[in-house]
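Working through the structure, step by step
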Amino acid sequence: MAFGKLRSSSAAVAELAPRGGGICAPDPIETGLMLDLLPVPAVSVSLEGGKFHFLALNRAFRIAGLGTNAAESPLVRLLGSQLRRFIESDETHHDIAWQFGEEVDCRYFRVSFARRESQIGSGRCLVTLVDQTSELRTEHSLRREMATDSLTGLPNRAGFSDQLENLSADNAEGFAVLVVNLDRFSRVNACMGGLAGDELLISVARRLKGALRGRDILARMGGDEFGVLLTLDDGPGDALHVAKRIQAALATPFRLSDFEIRVDCSIGIALGADNHGEPEDLIRHAQFAVKRAKTSGRTELYHLRAFDIAREQFSVETELRRAIENGDMTLSYQPIWDLGSGRIVSFEALARWTNEEGVALSPNDFIPVAEESGLIVPLGRWAMEQAALTLATWDRRVGGDCGVKVAVNLSAIQLQRDRIPEMVQAALEQAGIAGSRLTLELTESAIVSDPDRISRTMMALKDLGATLAMDDFGTGYSNLAYLQKLPIDLLKIDRSFISGMLADRDKIAIVRAVLSLAQALGMQTTAEGIETNELAQTLAALGCTYGQGYLYAQPLVETDAYALLAARNS
Ligand code: C2E
Ligand code: MG
Ligand code: MG
C-alpha cells in the first residue's frame, strides 16, 4: 500500500500509515476498520455521479458534530466545492484551515484531504481534521493581551500599530493619526503619586473616548501619550475638528481626591495621504508633530519634509560643531573693488566648510544651522579673529598697511547672542590692527529684531572705528526710518537686483532708487554679484561706488587673495 505518500499534519495519522506494499482491497481505511484508531475526526469520502458519499467515518468525526452522512454533513455543505476540486485534480494531498461555527463556539480545524497516487481518478479520498481551537484561542488571547494597555484596557502601541496596518490596507488615504500628549503630566505623578496619576490617565482615556466617534480607535501609546486613528470623511479638516473636540473634552478640570486638576494637551496630526512609507511611519510623524505642538502651543500637522530636515540638520549640527572645535573651517576672501579706479578696496571674508564626507557645503546651508543651534557664536568669533589675523599677516608682508580692509559678516542671531563690540575689540587687539581696517556687514533682519539693542551695538562698533555695511540691501524689510537713524556707512545692493539688471527695467529702477537714496543719506554703495563688464560699467555710470562679483574674482583662498592684491594694487 502506498500509505507512505499520505502526508498529514496529524502525526497520529502519519504513524498509522504502514509503509510500502502494493494495492490491496478492501482498503482498511475506507472500510472504517482503521479510522476508529485515529484520534482525530476522519472520514473516507467518495464522489459518484456528482454526489458525495461517506464510505466510512470514525467516532471522533461524529463527536465533533460533523454529521454521519454526506447529505447532512457541514463538512460537505461548507467545504464541498474544495473537496470536489481536490478529488477531480491529480493532487495526493491538500491542506486547508477551516473555521467552523459561530463567533463564540467557533472552532478551528486544519483539514487534510489525502489519497494514494493510485486513487487519483477513483473519486475517493480521506479527510482528516485536526482541531486547533485551543491553540488558536490561546494565541489570540495572548496576542490580545500583548496588544492591550493593562491600565486603561485600550490598545497599546503594538495594538495601535496592528489596527493602523489593517486600516491602511483597506483605506489607503482617507485616514489620519493623531497623537495626544498630556502637558505637565509628570508633575501630577510627582506631586500626587503614581496612583493618582493612573487614575487621571483612566479618566482622560474615558473623556477622549467620549470625544471620538464609534469607529475611531483610541490607544494609549505609553506614558501620557494617546493615539487616535481616524477615518476622514471630509478630508484633513476632519482631523483638525477632532483635535478641537479632544481639547474641549479635556478643558473641564479633573477631580482627583480633593484636588481639581487641569490637564492641557498637545496634539500632532499625520495624514495617511501624505505618507509614502510604512503605516508605522505615520505614528512617528504624528509624534514628531506633537513635539512641535509642544513648543508652538497649537495643533500641528506633520509636513512631509520637516522630519528629514530636522534629522539632516541634526547631523549637520554635530559635524559643524566638530569642525569649529577642530579648526577645520576656512575663510575665503573675495575682493571688492572701486568701480571708478579699479583698485581693490577690501576683501569680504566668507566662511568655507568641507564636511567629513568631503562635500563642500555652502554658507547658505550651514549658517542657518549654526544660527539655530547657537553655533553661530563660536563660528562668528572664529571668523572675526581669523579675518583680523589674515589682514595682520598681509600688513606684515608689505611691511605696513596693505591698503585694504577686511569685511566680516555678522548674523542677526549672532548680534542677539554675543557681546559683539567686546568680541570685535578683542579680535582687533589680538591681531594688532586698527578698527578702521574693518567693515562689518549686517543684514536688515538684525535691525528689525531689536532696534534699540542693535543701535547701541552699532554705536559701539563705530567707536572702534569700524565701517558698517548693510548687507543684501533690498531683500529684507527695507524700513527706511532706520537707515537714517543708524550709523550705516555703506549699502550693499543684493545680487538679486544686480544680476540680469540690464534686461529688466524694474531692476534698473530699483538700483537707481537705492543709489540715489544712498547718496541722499551720505552712504557709499557696493553692488554684489557683478559678473559682466557691461554691468560694471553701467553701475559705475549710475554712481555706484564699489563692486563685488565673479567678474573680478571669486572668493579666493588667503594666499591667492594676497597675490591678487599684490598684483592689482602695486
Ligand atoms: P553675502 O555676505 O551676501 O556674501 C556674498 C555671497 O555672494 C557669497 O556667497 C559670494 O560667494 C557670492 N557672490 C559674490 N559674487 C558673486 C557673483 O558674481 N555671482 C554669484 N552667483 N555669487 C557671487 P557665499 O560665500 O556662498 O556666502 C553666502 C552668504 O553666507 C553670505 O552672503 C553671508 O550672508 C553668509 N556668510 C558667509 N560667511 C559668513 C560668516 O563668516 N558669518 C556669517 N554670519 N555669515 C556668513
Ligand atoms: Mg556679506
Ligand atoms: Mg550680500
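Residues numbered from 1 in each chain as written. Chains lettered and ligands numbered in written order. Predicted model: local features only at pLDDT ≥ 70, side-chain atom pairs only at ≥ 80, totals over all residues. Heavy atoms only, no water.

What to know about the sheet that holds strand β4 (residues 107-114)
The strand order across the open sheet built from 5 strands is β2-β1-β5-β4-β3, with neighbouring strands paired in antiparallel fashion. Sheet topology places β2 (51-57) and β3 (93-100) at the edges, where each strand pairs with a single neighbour. Pairs of neighbouring strands in the sheet enclose a mean axial angle of 30 degrees, with direction left out of account. Pairing of strand β1 (residues 42-48) with β2, which is carried by 6 bridges, proceeds in the antiparallel orientation. Residue pairing for β2: S46 is matched across the bridge by H53. Contacts from helix α4 (residues 133-146) reach β4 and β5 (124-131), with the element oriented near 135 degrees to β4. (Pairing = 2+ DSSP bridges. Helix = DSSP H or I, 4+ residues; strand = E, 2+ residues; numbered from the N terminus. Axes fitted to C-alpha atoms, helices over the stretch in contact; angles between N-to-C directions. Contact = heavy atoms within 4.5 Å.)

Quick word on the coordination of the magnesium ion (ligand 3)
Coordination of the magnesium ion (ligand 3) by the protein is provided by D471 (OD), D472 (OD) and E528 (OE), with metal-donor distances spanning 1.9 to 2.2 Å. The motif formed by the donor residues of the magnesium ion (ligand 3), counted along the single chain, is D-D-x55-E. Separating the magnesium ion (ligand 3) and the magnesium ion (ligand 2) is a distance of 4.0 Å, and D471 donates to both of them. You can see D472 sitting in strand β18 (residues 467-473) and its partner E528 sitting in strand β20 (residues 524-528), a full 56 residues away along the chain. In this structure E528 comes out as buried when scored by relative accessible area, which is 10%. (Donors = N, O, S within 2.8 Å, 3.2 Å for Na, K, Ca; no water. Buried < 20%, exposed > 50% of the residue type's maximum accessible area, 1.4 Å probe, protein only.)

Some details on the nonpolar core
Counting residues in each nonpolar core, the largest one holds 80 residues, and the members touching the most others are M329, W394, L440 and L539. Of the residues forming this core, the biggest block, 11 residues, is contributed by helix α12 (residues 376-398). Apart from the residues within four sequence positions on either side, W394 is in contact with Y333, F347, C402, V404, E558, A561, Y562 and L565. Counting 32 residues, the second largest nonpolar core, distinct from the first, contains A176, L212, L256 and V263. (Core = buried A, V, L, I, M, F, W, Y, C linked by side-chain atoms within 4.5 Å.)

Examining the coordination of the magnesium ion (ligand 2)
The coordination sphere of the magnesium ion (ligand 2) contains the protein donors E348 (OE), N409 (OD1), E441 (OE) and D471 (OD), at a distance range of 1.9 to 2.2 Å. Taken in chain order, the donor set of the magnesium ion (ligand 2) reads E-x60-N-x31-E-x29-D.

Digging into the site of ligand 1
Around ligand 1 sit 24 residues, and of these E348, R352, D471, E531 and Y550 come closest. Here an oxygen atom of ligand 1 and a side-chain polar atom of D471 are 2.8 Å apart. At 2.8 Å, a backbone N or O of Y550 approaches an oxygen atom of ligand 1. Contact with the protein chains hides 87% of the accessible area of ligand 1, taken as 800 Å² for the molecule alone. Most atoms of ligand 1, that is more than half of them, are within 2 Å of grid points of the largest pocket. For the shell around ligand 1, the elements supplying multiple residues, two or more each, are β14 (344-354), α11 (363-373) and β18. Ranked by residue count, the leading element in the shell around ligand 1 is β14, at 4 residues. Looking at the shell around ligand 1 residue by residue, the classes come out as 9 nonpolar, 7 polar and 8 charged. (Near = heavy atom within 4 Å. Polar contact = N/O pair within 3.5 Å; in protein donor to acceptor, adjacent residues only side chain to side chain. Areas by Shrake-Rupley, 256 points an atom, 1.4 Å probe, with all protein chains shown as cover. 1 Å grid on protein atoms, 1.4 Å probe; cavity = no way out; pocket = protein on both sides within 12 Å on 5 of 7 lines; lining within 4 Å. Sits in = over half its atoms within 2 Å of the grid points. Nonpolar A, V, L, I, M, F, W, Y, C, P; charged D, E, K, R; others polar.)

Examining the pairing of strand β7 (residues 217-222)
Most of β7 sits out of view: 5 of its 6 residues are buried. Bridging between β7 and strand β8 (residues 225-231) involves 5 bridges; their strand directions are antiparallel. In the sheet register, G222 faces β8, and the bridge partner there is E225. With antiparallel pairing between neighbouring strands as the criterion, β7 and β8 make up a hairpin whose turn holds 2 residues, including G223 at a positive phi of roughly 50 degrees.

Side note on the packing of α12 against helix α21 (residues 558-569)
Contact geometry for α12 and α21: axes closest at 11 Å, N-to-C directions at 45 degrees. Of the possible angle classes, the one that applies to α12 and α21 is oblique. Seen along the crossing, α12 lies across α21 with a hand that is right-handed. Between α12, through T390, W394, R397 and V398, and α21, the contact on the second element is made entirely by E558, A561, Y562 and L565. Among the residues making up the contact of α12 with α21, the classes are represented as 5 nonpolar, 1 polar and 2 charged. (Parallel < 35°, antiparallel > 145°, perpendicular 65-115°, else oblique. Left-handed = near helix turned anticlockwise from the far one by under 90°.)

Topic: the packing of aromatic side chains
The relative placement of two aromatic rings is captured by the distance of their centres and the angle of their planes. Considering all chains together, one arrives at 10 aromatic pairs under this definition. Taking the centre distance of 5.8 Å and the plane angle of 90 degrees together, the rings of W353 and F366 count as edge-to-face. Taken together, the residues W353 in strand β14 and F366 in helix α11 connect sequence positions 13 residues apart. When its relative accessible area of 0% is taken as the criterion, F366 is described as buried. Put simply, the rings of Y333, F347, W394 and Y562 touch in pairs and so form one group of aromatic residues. Of note, R568 hangs over the ring of Y552, and the distance from its end group to the ring centre comes to 4.7 Å. (Phe/Tyr/Trp six-rings, centres within 6.5 Å; stacked < 30°, edge-to-face > 60°. Lys NZ or Arg CZ within 6 Å of the ring centre and 35° of its normal.)

Section: the sheet that holds strand β6 (residues 175-182)
As summarised here, the arrangement of the 5 strands in space is β7-β8-β6-β11-β12, forming an open sheet in which the pairing is mixed. A strand with exactly one partner marks an edge of an open sheet, and here the two such strands are β7 and β12 (300-301). When β6 meets β8, the two strands line up antiparallel, connected through 7 bridges. Across the sheet, V177 pairs through a bridge with L229, a residue of β8. Sheet strands touched by helix α9 (residues 279-296): β6, β7, β8, β11 (265-271) and β12. Its angle to β11, the strand with the most contacts, is close to 140 degrees.

A word on helix α20 (residues 533-542)
Residues L535, A536 and L539 constitute the buried set of α20. Within α20, the buried residues cover an arc of 100 degrees as seen down the axis, which keeps them to one side. Turned more than 90 degrees away from the buried face of α20 sit E534, Q537 and A541, all of them exposed. Contacts made by the buried residues of α20 are with β13 (330-338), α18 (495-498), α19 (505-520) and β20. Where α20 terminates, the next one or two residues include G543, which has phi positive at roughly 100 degrees. (Arc of directions from axis to C-beta.)

Remarks on the pattern of salt bridges
Scanning the model with the defined rule gives 25 salt bridges in all. The shortest N-O distance in the salt bridge between R124 and E48 comes to 3.8 Å. Pair noted here: R124 is in strand β5 and E48 is in strand β1, with a separation of 76 residues, a long-range link. The salt bridge partner of R292 is E300, with a shortest N-O separation of 3.1 Å. Given a relative accessible area of 10%, E300 falls into the buried group. One continuous salt-bridge network, built from bridges that share partners, spans R213, R215, D216 and D233. (Salt bridge = Lys/Arg side-chain N within 4 Å of Asp/Glu carboxyl O.)

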